[in-house]
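Structure at a glance
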Amino acid sequence: MSVFPKDFLWGAATASYQVEGGHDADGKGLSNWDLFSHLPGTTYQGTNGDVAVDHYHRFREDVALMAELGMQTYRFSISWPRLLPQGRGEVNEAGIRFYSELIDELLKHNIKPMITLYHWDLPQALQEQFGGWESREIVDAFDEYARLCYQRFGDRVELWSTFNETIVFIGMGYMTGAHPPRLTDPKKGIQACHHVFLANARAVKSFREMGIDGQIGFVNVLQPNDPISDSPQDRRACEIAEGIFTHWLYDPVLKGEYPAELLAMAQQAFGVPYFVPGDEELLKQNIVDFIGLNYYKREMVAHNDDVDGYAINTSGQKGSGRELGFKGLFKLVRNPNGVYTDWDWEVYPQGLTDAIGRIVKRYGNIPLYITENGLGAKDPIVDGEVRDQPRIDYLRDHIQAIGAAIEQGADVRGYYPWSFIDLLSWLNGYQKQYGFVYVDHNDSLARKKKQSFGWYQRVIATNGEQL
Ligand code: BG6
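As annotated in an unreviewed UniProt entry, the protein is Beta-glucosidase from Serratia plymuthica. What UniProt records for the protein under Catalytic activity (unreviewed entry) is the sentence "Hydrolysis of terminal, non-reducing beta-D-glucosyl residues with release of beta-D-glucose." The record in UniProt for the protein states the following under Sequence similarities (unreviewed entry): "Belongs to the glycosyl hydrolase 1 family."

The subject of this paragraph is the sheet that holds strand 8 (residues 299-302). Strands sit in the order 6-8-9 across an open sheet of 3 strands; the sheet is mixed. Only two strands of the sheet have a single neighbouring strand rather than two, namely strand 6 (225-227) and strand 9 (331-333). In this sheet, neighbouring strand axes are inclined to one another by 45 degrees on average, regardless of whether the strands run parallel or antiparallel. Bridge count for strand 8 against strand 9 is 3 bridges, and the pairing is antiparallel. From the neighbouring strand, M300 faces strand 9, where its bridge partner is V333. With respect to the sheet, helix 10 (residues 232-254) is in contact with strand 6, strand 8 and strand 9, its orientation differing from that of strand 6 by roughly 170 degrees.

Looking now at the packing of aromatic side chains. Counted under the stated rule, the structure contains 42 aromatic pairs. With a centroid separation of 4.8 Å and 75 degrees between ring planes, the pair formed by W33 and F36 is classed as edge-to-face. With W33 and F36 both in helix 2 (residues 32-36) and 3 residues apart, the pair spans about one turn of that helix. In terms of burial, W33 and F36 fall into one category: buried. Here the aromatic rings of W133 and F142 are separated by 6.2 Å at their centres, their planes lie at 55 degrees, and the arrangement is tilted. Comparing W133 with F142 shows no difference in burial state: the two are buried.

Take the sheet that holds strand 7 (residues 290-294) next. The strands that make up a sheet are held in pairs by hydrogen bonds between backbone atoms, and each pair lies either parallel or antiparallel. Here 8 strands make up a closed barrel; going around it, the order is 1-2-3-4-5-7-10-13 and the pairing parallel. On average, each strand axis in the sheet is tilted by 30 degrees relative to the strand beside it, whichever way the strands run. Against the sheet, helix 14 (residues 389-407) engages strand 1 (9-13), strand 10 (368-372) and strand 13 (412-415), with an angle of about 170 degrees to strand 13.

A water-sized probe rolled over the atoms picks out the places where empty space is left. Under the counting rule described, the total for this entry stands at 4 cavities of 30 Å³ or more. Approximately 670 Å³ is the volume found for the largest cavity. The wall of the largest cavity is formed by 33 residues, among which W120, E165, V168, M172 and W345 lie closest to the centre. Tallying contributions element by element places helix 8 (residues 166-176) first for the lining of the largest cavity, with 5 residues. Class assignment for the residues of the lining of the largest cavity results in 15 nonpolar, 12 polar and 6 charged. The volume enclosed by the second largest cavity comes to roughly 80 Å³. Elements represented by at least two residues in the lining of the second largest cavity include exactly helix 1 (16-19) and helix 4 (80-83). Here the lining of the second largest cavity is built from residues that sort into 2 nonpolar, 6 polar and 5 charged.

With that settled, consider helix 9 (residues 186-209). The terminal C-alpha atoms of helix 9, which comprises 24 residues, lie 34 Å apart, in line with the 34 Å expected from a rise of 1.5 Å per residue. Of all 24 residues in helix 9, 18 are buried; the element is thus mostly enclosed. Looking at the residues trailing helix 9, positive phi occurs at G211, about 65 degrees.

This paragraph deals with the UniProt feature "active site" (unreviewed entry) in the protein. Under the UniProt annotation, the feature "active site" (unreviewed entry) is placed at E372. Mapped onto the elements of the fold, E372 is located in strand 10. The class of E372 is buried, set by a relative accessible area of 4%. Those residues in contact with E372 that sit more than four places away from it in its chain are R75, H119, N164, E165, L293, N294, Y295, Y296, Y416 and W418.

Within the largest apolar cluster, 151 residues are counted, with the highest numbers of intra-cluster contacts made by W80, W133, F153, W160 and L293. Looking at this core element by element, the count peaks at 11 residues for helix 9. Look past the residues within four positions of F153 in its chain and what remains in contact with it is I78, L83, I96, Y99, S100, I103, I115 and W160.

Definitions and limits used
- In this convention, every chain numbers its residues from 1, walking through the sequence in written order.
- Selection of residues for local features in this predicted model requires a pLDDT of at least 70, selection of side-chain atom pairs for listing and counting requires 80 or more, and totals for whole chains, interfaces and linings are taken over all residues.
- Where side-chain values are given, they derive from all heavy atoms of the structure, hydrogens and water being excluded.
- UniProt positions are given in the numbering used here, feature names are shortened, and annotations may be inferred rather than shown by experiment.
- Only when DSSP finds a minimum of two bridges between them are two strands counted as paired.
- The helix and strand labels rest on DSSP assignments: H or I over at least four residues marks a helix, E over at least two residues marks a strand, and numbering proceeds from the N terminus.
- Helix axes are fitted to C-alpha atoms over the stretch in contact, other axes to C-alpha atoms as well, and angles between N-to-C directions run from 0 to 180 degrees.
- When checking whether two residues touch, look at their non-hydrogen atoms; a contact exists if any pair is within 4.5 Å.
- When two rings of Phe, Tyr or Trp (its six-membered ring) have centres within 6.5 Å they constitute a pair, described as stacked for plane angles under 30 degrees, edge-to-face for angles over 60, and tilted for the intermediate range.
- Exposed residues in this analysis have more than 50% of their type's maximum accessible area, buried residues have under 20%, and partly exposed residues fall in between, with area computed by a 1.4 Å probe over protein chains only.
- A 1.4 Å probe that fits into a set of points on a 1 Å grid over the protein atoms alone but cannot get out defines a cavity; an open set with protein on both sides within 12 Å along at least five of seven lines defines a pocket, and lining residues are those with an atom within 4 Å of a point.
- Grid points are joined across faces, edges and corners, and a volume is the space filled by probe spheres set on the points.
- As a working rule, the residues Ala, Val, Leu, Ile, Met, Phe, Trp, Tyr, Cys and Pro are called nonpolar, Asp, Glu, Lys and Arg charged, and the rest polar, with Gly in that last group.
- To estimate the expected span of a helix, count its residues, drop one, and scale the result by 1.5 Å.
- The set of buried Ala, Val, Leu, Ile, Met, Phe, Trp, Tyr and Cys residues whose side-chain atoms join them within 4.5 Å is what this entry labels a nonpolar core.

What follows is the structure, given as structure tokens:
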């Protein structure tokens, strides 16, 4: 018998900028990524999402493939500037129509939509008007956008999440400078992160006030941290890293407060986050219904006495994920015994069971969805077939890791591998593939099922029994 509950949801995920294309179609406004990806030296060989895999124009064909795969749910994000070209105010009805038709098409095939409101594509107008996430004004703007989405789609969509991976768009946007707005300013970053938590709380509040029949959650990446050695210094370094990478990002949305020790450290070092009266209540009173957990890898931690700064990159490779650290506190290091992908990410399925266990231990048995998990690789084409056995192995081991967590009592309700289709990797172009469906960039973006497609089809059909 399957360890997965009968109503467990099997799906897959994508995000607007990575699949849609149609960057200026039908009245869509400019996003921060539309601008950033066209600046020299920002992305792999200058790749951008102008066309991406043209999901904007081909969504019916894509949904047909999702249905053939047997997907029961689909996680996608809404492009804020497609609905509100200037970020606020005038609504682009063509943008509403696109998502509305996508939702109807999914429902027609019995696929439950899960909407992410913010997967990093900010209306550039808001960046220019008041500095985007740096300003408190973003909280009202985000609430206006969220309310518009609830109003137009809330009758048909039950599963919502406000944000995707704060650590990435804030950490890379404001600490390492690898994402827009390209800053290396921890003070601004910590305050911007505070505005994300406030915006989340306001959007959760509106969701409930508007009586939307569904659940609203927050999606975070979770990379469990383990110390590289048993020394007290490395263990302490690991505690701090875990505090920053996990507790700082989960506590405000699940407990309505920051971890006290780290809050004191941040305020002493940088004078932020800066609270105004009302912030604390807002956070406390608007706890999310579930957590969406994205899991790819674990990161080992060592005490850091040598590498200077906070954007330190101990890997030397762009996008390895080992860019953030703090002199005197910690750095992220390679596991000498680990198995790594071509992009230097540790393959460690046990880490997913650990990640779920750590969430349950700290926050209780809250509902969880695994909202991303997958292997980024260059898939070989043999005799015209896309052979992605390493992806099958990766996903199988991670599904088993989820099964183990469920057996230990965790309330995991669904699984969304990243990604449904090969899409744009923010900094790695189209060469880092994750999908069940291959897209031929030399043949007018034709779709082709990979080896993993048939495999996942069986997994879903047997509710995870046949892996
Ligand atoms: C997650 C993001 O961080 O990782 C996705 O939510 C992203 O949008 C995925 O594509 C994989 O990252 P990368 O860098 O391999 O594309």
